[in-house]
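# Summary of structural features
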Amino acid sequence: QVQLVESGGGLVQPGGSLRLSCAASGKIFSIGGMGWYRQAPGKQRELVATITSDGRTNYADSAKGRFTISRDNAKNAVYLQMNSLEPEDTAVYYCNEGVLDRRGGTWRGYWGQGTQVTVSS
C-alpha cells in the first residue's frame, strides 16, 4: 500500500505564508501527477493546483499569483508554497498523488490525511 503524509498547516495571519508538504511512501514504482485540493466547511472539495510528472503546473484562479506547487521526485514529495494568504483560504488541504506500484501495473490515486490551514487575525 501507499501512504501520503502531509505537514505544514497551521494558523497564520492574513497576508502571511505557509508551506505545505506531502510525501508518499510504500510500494511505489512511479509517481505521475500530483496535486493539492482543499475543502472549506460546508463546501465541496476543490482543486488548488496540480503538477504533472514533467513539471507542468495548473492553478485554480484563486491560487494564481499567490501559490506555487512544486515536486521532488527523489522524495516522492509535492509542496505548496502559499503566500498572501486570505481568510478565504481557510480550509483543510489535501494532497493527491497518482501512483504506479509496479511496471505494467495500474495507476491509482492516493490522498493525504488532510492538514488544516486557518487564516485569521
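The text that follows walks through the structure, step by step, so that each part is easy to find. (Residues numbered from 1 in each chain as written. Predicted model: local features only at pLDDT ≥ 70, side-chain atom pairs only at ≥ 80, totals over all residues. Heavy atoms only, no water.)

## Observations concerning unusual backbone geometry
Put simply, the test is: Strands here are runs of E lasting at least two residues and helices are runs of H or I lasting at least four, both read from the DSSP assignment and numbered beginning at the N terminus.
The phi dihedral of Asn-76 falls on the positive side, at around 55 degrees, and the residue is not glycine. For Asn-76, the location among the structural elements is in the loop between β7 (67-72) and β8 (77-82). Here Ser-84, not a glycine, exhibits a phi torsion of approximately 50 degrees, which is positive.

## Focus: the side chain of Glu-6
As a reminder, the rule being used: For every residue, the accessible area (1.4 Å probe, protein chains only) is compared with the maximum for its type, and the residue is labelled buried under 20%, exposed over 50%, or partly exposed between those bounds. When charges are counted, Lys and Arg contribute as positive and Asp and Glu as negative, whereas His and the chain ends are disregarded. Salt bridge criterion: a side-chain nitrogen from Lys or Arg within 4 Å of a carboxyl oxygen from Asp or Glu. Whenever two N or O atoms come within 3.5 Å, that pair is a polar contact, provided that in protein one can donate a hydrogen and the other can accept it, and provided that, for residues adjacent in sequence, both atoms are side-chain atoms. Contacts between residues were defined by any pair of non-hydrogen atoms, one from each residue, lying within 4.5 Å.
With respect to the helices, strands and loops of the structure, Glu-6 is situated in strand β1 (residues 2-7). The buried charged residue Glu-6 lacks any salt bridge, with Arg-45 as its nearest oppositely charged partner at 7.7 Å. One polar contact links the side chain of Glu-6 to the main-chain amide nitrogen of Gly-114, over a distance of 3.2 Å. At 3.3 Å, the side chain of Glu-6 and the backbone nitrogen of Thr-115 are in polar contact. Residues within four places of Glu-6 in sequence aside, it is in contact with Ser-21, Cys-22, Trp-36, Tyr-93, Tyr-94, Cys-95, Gly-112, Gln-113, Gly-114 and Thr-115.

## Quick look at the packing of aromatic side chains
Applicable threshold: Here a pair means two rings of Phe, Tyr or Trp (six-membered ring of Trp) with centres within 6.5 Å. Their orientation is stacked below 30 degrees between planes, edge-to-face above 60, and tilted elsewhere. Two conditions define a charge located above a ring, namely a distance within 6 Å from the ring centre to NZ of Lys or CZ of Arg, and an angle within 35 degrees of the ring normal.
Considering all chains together, one arrives at one aromatic pair under this definition. Arranged with centres 5.1 Å apart and planes meeting at 65 degrees, the rings of Tyr-37 and Trp-111 form a pair that is edge-to-face. Pair noted here: Tyr-37 is in strand β4 (residues 30-39) and Trp-111 is in strand β10 (residues 107-111), with a separation of 74 residues, a long-range link. Residue Trp-111 is classed as partly exposed on the basis of its relative accessible area, which comes to 39%. Geometry around Tyr-94 places Arg-45 over its ring, the cationic atom sitting 3.7 Å from the centre. Looking at Arg-45, its charged tip hangs above the ring of Trp-111, at a distance of 4.6 Å from the centre.

So, to be careful, I would describe these as geometric facts and stop short of saying anything about function.
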